[in-house]
Every structure is written in structure tokens, then in C-alpha cells.
Amino acid sequence: MSAHFSETRTVRGACPQDCPDTCAFLYHVEDGQLVEVTGDPDHPMTRGGLCVKLKNFAEHHYNPDRLMHPMKRVGPKGSGQFERISWNEALAQIKSRWTDIITEHGSQAILPHAYLGHQGTLNGLTAGDAFFNRLGSTVAEKTYCESGSSTAWIMTVGPTGGLDVESLAFSKYIIVWGMNMLNTNLHAWPFILKAKENGARLVVIDPVRTRTAKQADWHVRIKPGTDGALALGMMNVIIGEGLVDRDYVEKYTLGYEQLAQRAAEFPPERVAQITGIAAQDIVTLAREYATAQPSAIRQGVAVERSPGGGDAIRAITCLPALVGAWRHVGGGTVEMPIWEFPFKFDFMCRPDWIRPGTRVVNELDLGAALTGTMALDPPIKSLFVYNSNPVSQAPAAASIVEGLGREDLFTVVSELFITDTAKYADILLPATMQAEQYDLMVTWGHLYVMLNQPAIEAPGECVPNIEMFRRLARTMGFDDDYWSLSLDEMLLRSYDWSAPQMQGITLEALKEKGYMRLNVGLPHERAPHAQGNFKTPSGKCEFASSLAAGGNFVVPVWRSGYEGMQPGGAVDPVPNYIAPAEMSDASLAQRYPLNLVSPKPHAFLNTQYGNEPTQQRRQGEQIIVIHPQDATTRQIEHGSYVRIFNDRGSFEARAELSEDVSAGLMMTNVGHWPGLNRSGTAVNSTTPPRHCNLGQAGAFSDNLVDVQKV
Ligand SMILES: Nc1nc2c(c(=O)[nH]1)N[C@H]1C(S)=C(S)[C@@H](COP(=O)(O)OP(=O)(O)OC[C@H]3O[C@@H](n4cnc5c(=O)[nH]c(N)nc54)[C@H](O)[C@@H]3O)O[C@H]1N2
Ligand SMILES: Nc1nc2c(c(=O)[nH]1)N[C@H]1C(S)=C(S)[C@@H](COP(=O)(O)OP(=O)(O)OC[C@H]3O[C@@H](n4cnc5c(=O)[nH]c(N)nc54)[C@H](O)[C@@H]3O)O[C@H]1N2
Ligand SMILES: [Mo]
């Protein structure tokens, strides 16, 4: 027997997922095979543990359904019938179709569609921007998530990281507002437990009694889309009872008088009617929040998923300055700390290549753009999808499916799997998974720079997104240096490595250590706004926004690498309460009396892992949580199958009767693959293509439906 020494190696990596935790990985490799992926025990947030979604990450790389080669469609659109072709043939077909389209309709007839399937600097959200800007396509505005919150945040406190979630360990009062932390930000939980050990009180503000709400000292049930009213009601009490930190407000804020006037319009009794929270509870919450210092607010993305979501985030973001919480370590608020990272979007996305006058189409309006409901001249003749799965994740899914079925639409999809969206492709391009590629990860929930190094060979003909765009650039005849820089050179130019927060951080050091903390103060000493120092035009926390005061204003829509205009013009300088559109429509509410919220699944990451049997078992089938009272009046029993519907569409789910939701409210999870559901559809068949008042975010929670037994 010949001696066989199996080679075992450990390679440092980082989680690719769109999640605030961005965990530090250790890839364990034997004989070129990825045998396990574990969390780095030394990383202060990862602490050696991965979430359930990533438990089988090594196996995910070897899923037999992975797309391994370029393919072309051979059956009808959407049939999922494909045949293997070579990369050369795929590129030649793309070039030929695009050349014809550009000749006949102009380059703006081509529309990219991308989101956060991958969160890297090289392969993530902005991976294709330079290419499409160079091509002259329509600019796709990427606002699936966080854009309403980010706009609100920048208007109020500027591009600052705010509170470090690790500093939550030092808080005395913690409000988790619109976030199901045990599902979506698990690695922040230990810091909350630590605070609780030291006597902190945990409040969760959520319409649903979630796993996280069940762990709270106090669950405040709020009607979806009414958070702005609650925050203003809290201010009403704080101001009325003299709990304002006068000194902090005077030195470090702008527009107190205007804010006080606005808050005066929101006495607890009025807010109780809007939010469904008892007036006395609003008073108690305000008093406790103001007096138990340091007080902290962890804001979730869900707050933005309503027409008034942007103003709600602005109002919430005003609270810590009003009570002086920023003075303390563990005080203040965090929405996402991404602003501490010195990105150079001008290099990453090349907005200088956008031709003057190029139109912008928002990604959440995809259905309207493809079906012609939105008047577009030229019409969209080609769609290029990567890092995203709009048939499942974008609103008004039925119109997207209708649009993708157009015979004259040339669709290219780059994917890991043949998803519900990829099924409609004319050409499929295979992408690598995280253990097979190199990238510096973008993080939005902590303050560490994270490097992912390849641990195994890419299977089949899979390529990283950056390589795919380089091949496309060569095919289209682009000869800029940009397409041939080394990956390290790309990374060196994508960040300002000489920025103060990057001192001591180098690519070389990252290759060895895997991750390094930004120089922004340590969690036990960091109080970034103890002395104001806000990143707004005034340097103060702007209760009355100077950006909004100017009418139309420009916000950094870094998601697309260009500066976007906040539309509407009439943004009130002082945050106000803007009611949900559907709940306020009495005749609609008569036909569709139930408000459906659709937060994140526990065992999937959006749709990713939704095709993994292990994760499917963990998540279970698509369920709908319905209050027993609403079920009884419709003869729906626990465990029976129901159809949830409105004028936009429908999907089926198994009913779970529970008082975790209030009467009039239902909850289901986004992320189940529509094609794997009973009805072939999922929740976004019912959601509206409506935007939040800031940042063009999606108003997924503003969704009235009804339900019946099937
Ligand atoms: N397990 C898992 N983790 C994930 C993801 C995933 O798919 N699965 N996705 C990642 C992504 S992309 C994101 S953006 C984050 C999002 O993570 P979160 O910020 O936690 O957002 P959601 O899960 O959408 O919703 C959180 C809670 O908000 C509640 N909610 C809904 N509408 C409202 C409202 O109007 N007001 C209030 N106060 N609460 C409301 C919901 O009931 C839900 O319990 O999670 C990330 N992490
Ligand atoms: N109803 C409802 N809808 C929602 C939400 C909600 O709360 N409710 N949340 C919204 C939010 S917060 C978000 S962030 C969006 C998420 O929307 P998406 O970003 O579209 O979500 P994913 O399902 O993760 O789809 C990403 C796709 O990219 C693919 N992918 C992964 N890695 C790579 C890669 O390296 N290269 C290529 N080419 N492809 C790759 C994956 O296989 C997957 O199919 O959904 C939004 N939709
Ligand atoms: Mo998201």
C-alpha cells in the first residue's frame, strides 16, 4: 500500500452573506476538499459560532444542483430547459444580441439588476457598476434594503458609525427596534446578555412576538408602519416631563424648538390610537428610556419598510441626542456602522463613465419597467441579473414574471443555482462560491475589516463576478487598464488605506490575520458623539435637517455609485409621522382587512439555502401566522392550508394560529423559493411596488391581504 498523506489546511475567510454579522471563517480543507467551515473563535463578534444558515456551508459548495457551466435556453421561457455551451459561445451570443439592441434602441435598452447575493468589494453589490456604466446601460438604482434608513441617518447624524454593537454590553437600557435579532443579528446577542447580567432592561418593539421579543423584559407591540408616531410620542413625554438633557441639546443639536413643536402634536393618547400601544405604556417607555442611562437603540431595517419609514428612522435617531445618551459608552443608537469604512466608490463604480443624461430605473420597479407599465423610451430589451433573485425578493412578483416571459427580452443571469429568476434566462453564467474566491468583505454590523481568501479550486467553469465582468469587458472591446489590474491593486484603490481609521491595517496583515478592527476606539471606551462631532453639515445632530431645508437634495446612493436625488422635493426638515398607505385606505381595508408583514426567515438568508434540504427541514414549509380570532371567522384551523391574496397576487401557506400576532395582523417569512412552494408563488406576489418616503426603499410591510382556506 502506498503511503498517502492527506493534506489538511486551514484558510481564513469571511462570510459572504448580506447580514450585519459578517463572521470570520476558518475553512478546513483536506486533499483539496472543503470539509468544514467554522467560526473563528478569536474574532470578538464571531466568537467561534456560526448561525444555523451557515452550519452546512461546506456541503453547500458541493450541492449537486450547482450551476457549473454556461448554458443557453432550449425550451420556452421559464421552462428551466437549458443546454451546456462554452464560455466563448455565451460571450459571443451576449455580444451579438447586445450589439443589435444597441444599434436599434441604444445602450440604455440594457438594464442591469443586482443586489447583495454576495457582499464583497470585488464581487458584491457594486461588482458590475463599472462595466455597465462603461457600456452605457440604464443605471439601476439598488434600494432593496437600508436605503431609506441610510438617507434618514445621514440627514440626522451624518455618515457616522454611531454606537458600536459591542458597546451594548455597557448599556443599562436597550431598545431593539424593528429587528428580530436572534434571527438576523445573532452575534450581537451576547453583548445584550452581558448587559442584562449587569441589570440592563431589554425592550423589543415589534408588531410580532418574535423569538427575540420572547426574550425581552418588555415586548411593545406596535402596528406596522407607525414607529414614527411612537418616537414622536416618546419625545412628547420626554419634553413634557422635563427629561431633556438641556446642556447636550444646546451644545450639540440643531432645531430643538422645531422638534418640540412637532412632538407637541403627538400626545400619548393620540399616539396610542395610531400605534395600538396603550398611552400609559408610551409614557413608561419614554420615562425609562430617558432616565436609565446609558440607553441604547438597536434599529432594524424593518422600520423602513413602510411609506413613513424614513421619517420614523429620523425620529428614532433624534432620541439619543434629546436625552444625552451619546455622552456615555453604551449610549446612543446604531443603524449600520458602514460609514466608518473609507470606500472609494468613485473607483469601485466609475460613475465618471455614466454618460450625461443617462436615465435611472429603480430596481423595485422591475415589473413595471419590464411590462411597460412604466413608460420607458427606449424600452428594456435586455436584462442582466447577478447577485439577486428578483422573482422571489422584489415586490409585485407577478408583473416581474410576466415581464421575464417576454419573447423579445434578452435575459442573462449569473448564478450559483437555477433560481426562480434564473429559470427565465436566455443565457446562464456560473458563479463561484465564497471558499473559491478572493475578496475584501463589506461589513455593515461591526467595525472589522474582513478578508476572504480562496481555500479550494472553483468547480466546473464557475468564475467570480469580477472575472465575469472582465470577460464581458474584453468581449465588448473595452481596453481600459481598469479591467486588467490585479485583485490586490483593485482593493488598494477601492479604499482609502491612509484614512485615520485604517492606520496599521494593510492587505499583507489581513492575509495573515483575516480581520482587523478599524481604529475607531475600543468598545469599552468608544463614545463617538459624547461631544457632538456629528458628520452633518452643521456638525450637530440635526433635529431639523439642513439637507431637507434645501428642498430637493442629493444623497449618496453608494449602492449604485452615483449621487442620487431624493425625489419629491417636499421633505419636511423636521421628522413627522407619515401613515401607511394601505391601512389608511378604508375601502381597501374593507376588502383586504389583514396587514401582512414578511420579515426574514430563520434558516435561509433571503432565498439562499432555501434549496438546501437541511435548511428546508430547519425552516419548515411556508407558514402564515394568524390570530385565532381572524382564523375562526374564516373557518381556518391550525395546520390547514390557506391562500393569502389581494389584487396583486396570491400564495399558499400552512396556517399557524397564534397570539404571537395581534388580530388584524399576519406574519409570513420572505425567502422560500416560490417554485418550491405549493402555489409556485411566495409572499412578494402580494407586496406593493411602493416606496418608503426616503431613499426609495421598499414598503414591503404596507401590505393588505385576505386569507381563505384552500
Ligand atoms: N436569518 C436571517 N438573517 C438575516 C437575513 C435573512 O434572510 N435571514 N437577511 C439579512 C438582511 S438582507 C437584512 S436587511 C437583515 C434584516 O433584519 P431585521 O432588521 O431584523 O429585519 P426583518 O427580519 O425584516 O424584520 C425584523 C422585525 O421587524 C418587524 N417589523 C415589520 N414591520 C415593522 C414595522 O413597521 N415596525 C417595527 N417596529 N417592526 C416591524 C417584523 O415583525 C420582524 O420581527 O437581516 C439580515 N439577516
Ligand atoms: N417581502 C419582503 N421582500 C423583501 C424583504 C422583506 O423583508 N420582505 N427584504 C428585502 C431585503 S432587506 C433584501 S436585502 C432583498 C434581498 O434580495 P436579494 O439580494 O435578491 O436576495 P437573495 O435571495 O440573497 O438573492 C441573491 C442571489 O444571488 C446569488 N448569488 C450569491 N452569491 C453570488 C455570486 O457570488 N455571484 C452571483 N452572480 N450570484 C450570487 C444567490 O444564489 C441568490 O440567488 O430582499 C428584499 N425583499
Ligand atoms: Mo436586506
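The rules we used
- Within every chain, residues take consecutive numbers counted from 1 along the sequence as written.
- Starting at A for chains and at 1 for ligands, labels are handed out in the order in which the entities are written.
- Residues qualify for local features only when their pLDDT is at least 70, as the model is predicted, and side-chain atom pairs are given and counted only at 80 or more; totals for whole chains, interfaces and linings, by contrast, use all residues.
- Water and hydrogen atoms were dropped before computing side-chain values, which therefore reflect all heavy atoms in the structure.
- A helix here means a DSSP run of H or I that spans at least four residues, while a strand means a run of E at least two residues long, and both kinds are numbered starting from the N terminus.
- It is over C-alpha atoms that the radius of gyration is taken, and the globule rule equals 2.2 Å times the number of residues to the power 0.38.
- Only protein chains enter the area calculation, which uses a 1.4 Å probe; residues under 20% of their type maximum are buried, those over 50% are exposed, and those in between are partly exposed.
- Accessible surface is estimated by sampling points in the Shrake-Rupley manner with a 1.4 Å probe; for residues, cover comes only from the protein chains shown.
- As used throughout, the charge tally considers Lys and Arg to be positive and Asp and Glu to be negative, leaving His and the chain termini uncounted.
- To locate a charge, take NZ of a lysine, CZ of an arginine, CG of an aspartate or CD of a glutamate.
- For the purposes of this description, domain bounds are those given by an automatic or database domain assignment.
- Put simply, buried area is how much 1.4 Å-probe accessible surface two parts lose in total, over both of them, once they are put together.
- Counted as salt bridges are all cases of a side-chain nitrogen of Lys or Arg within 4 Å of a carboxyl oxygen of Asp or Glu.
- Amino acids are sorted into nonpolar (Ala, Val, Leu, Ile, Met, Phe, Trp, Tyr, Cys and Pro), charged (Asp, Glu, Lys and Arg) and polar (every other residue, Gly among them).
- Each residue is tested against the molecule or strand, and it is near if at least one of its non-hydrogen atoms lies within 4 Å.
- We call two N or O atoms a polar contact when they sit within 3.5 Å, provided that within protein one can donate a hydrogen and the other can accept it, with sequence-adjacent residues counted only if both atoms are side-chain atoms.

## Focus on the overall build of the chain
Then, number 1: For the chain, the helix and strand inventory stands at 24 helices and 29 strands.
Then, number 2: Against the globule reference of 27 Å for 710 residues, the chain gives a C-alpha radius of gyration of 25 Å, in line with a compact fold.
Then, number 3: Structurally, the chain occupies a C-alpha span of about 75 × 65 × 60 Å along its principal axes.
Then, number 4: Put simply, the chain has 710 residues, and 64% of those count as buried.
Then, number 5: Here the chain has roughly 24,600 Å² of accessible surface; of this, 50% comes from carbon and sulfur atoms.
Then, number 6: Placing the 61 positive and 77 negative side-chain charges of the chain at their respective mean positions leaves the two points 1 Å apart.

## A short note on the domain arrangement of the chain
Then, number 1: For the chain, the assigned domains are domain 1 (8-60), domain 2 (71-138 + 358-517), domain 3 (147-335 + 530-567) and domain 4 (586-709).
Then, number 2: Centre-to-centre, using C-alpha coordinates, domain 2 lies 29 Å away from domain 4.
Then, number 3: Interface area, domain 2 with domain 4, both sides summed: about 1,500 Å², of which 54% is carbon and sulfur.
Then, number 4: Summed over the shared surface of domain 2 and domain 4, the result is zero salt bridges.
Then, number 5: Those elements that provide at least two residues to the side of domain 2 that touches domain 4 are α16 (390-393) and α17 (397-404).
Then, number 6: Examining the composition of the side of domain 2 that touches domain 4, we find that three residues originate from one element, α16, more than from any other.
Then, number 7: Partitioned by chemical class, the residues of the side of domain 2 that touches domain 4 number ten nonpolar, six polar and three charged.

## Examining the site of ligand 2
Then, number 1: In the region of ligand 2, 31 residues are neighbours, and Gln-393, Ser-414, Glu-415, Lys-600 and Thr-607 sit closest.
Then, number 2: Within the contact set of ligand 2, a nitrogen atom lies 3.5 Å away from a backbone nitrogen or oxygen of Gly-117.
Then, number 3: In this structure, an oxygen atom belonging to ligand 2 sits 2.9 Å away from a main-chain N or O atom of Asn-389.
Then, number 4: Here ligand 2 has 920 Å² of accessible area as a free molecule, and 98% of this is covered by the chains.
Then, number 5: When its residues are assigned to classes, the shell around ligand 2 shows eleven nonpolar, 16 polar and four charged.
Then, number 6: Residue-level mapping places the shell around ligand 2 at the junction of two domains, with at least three residues from each of domain 2 (71-138 + 358-517) and domain 4 (586-709).

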